[in-house]
Amino acid sequence: MTMPENGDGPAAALSLTSSSVDEITVIKVDGVLDATTREQFADYLAMAGSNLILDLAGVTFMDSRALGLIVHHWQTSLASGAKFALIGVEYSKSKVMWITGLAQRLPLYDTLDDALAAIK
């Protein structure tokens, strides 16, 4: 399944693109994850398969609502035995992950290869 491109254009606050690697959907997130883009992000995640890697290297800011969506998908994946990982997370742009203590609990990896090796 190919998911639509979302948020194309220079004015877009959030751009979401997806690809598939070994039957795992990889969603590349570029831009802001906050109240203004939450619905767009939630809708896109809802279209993704159960096996999911979120590439957050392009995130410029993340708020607690966006983190809540990510945590929800992580917990759903754990409960169903699906694969889930986050890659490219930068402290300076995702401080909320550390402030809440979730950075120590979420499956964070530096690269796609690292994540694939860990969750296969």
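Residues numbered from 1 in each chain as written. Predicted model: local features only at pLDDT ≥ 70, side-chain atom pairs only at ≥ 80, totals over all residues. Heavy atoms only, no water.

**A short note on unusual backbone geometry**
Across residues other than glycine, the phi torsion is negative in most instances, and most of the peptide bonds are trans.
Then, number 1: A positive phi is found at aspartate 22, a non-glycine position, where the angle reads about 50 degrees.
Then, number 2: Along the polypeptide, aspartate 22 turns up in the loop between strand S1 (14-21) and strand S2 (24-33).
Then, number 3: Residue aspartate 22 is classed as partly exposed on the basis of its relative accessible area, which comes to 48%.
Then, number 4: Although it is not a glycine, glutamate 23 adopts a positive phi angle of roughly 65 degrees.
Then, number 5: By the element assignment, glutamate 23 lies in the loop between S1 and S2.
Then, number 6: Residue classification places glutamate 23 among the exposed residues on the basis of a relative accessible area of 73%. (Helix = DSSP H or I, 4+ residues; strand = E, 2+ residues; numbered from the N terminus. Buried < 20%, exposed > 50% of the residue type's maximum accessible area, 1.4 Å probe, protein only.)

**Points about the pattern of salt bridges**
Then, number 1: Scanning the model with the defined rule gives four salt bridges in all.
Then, number 2: Close ionic contact of aspartate 22 with lysine 120 constitutes a salt bridge, the shortest N to O distance being 2.6 Å. One end of the pair, aspartate 22, is in the loop between S1 and S2; the other, lysine 120, is in the segment after helix H4 (112-119), with 98 residues separating them in the sequence.
Then, number 3: Note that aspartate 30 and lysine 28 form a salt bridge whose closest N and O atoms lie 3.3 Å from each other.
Then, number 4: Given the relative accessible area of 32%, lysine 28 is considered partly exposed. (Salt bridge = Lys/Arg side-chain N within 4 Å of Asp/Glu carboxyl O.)

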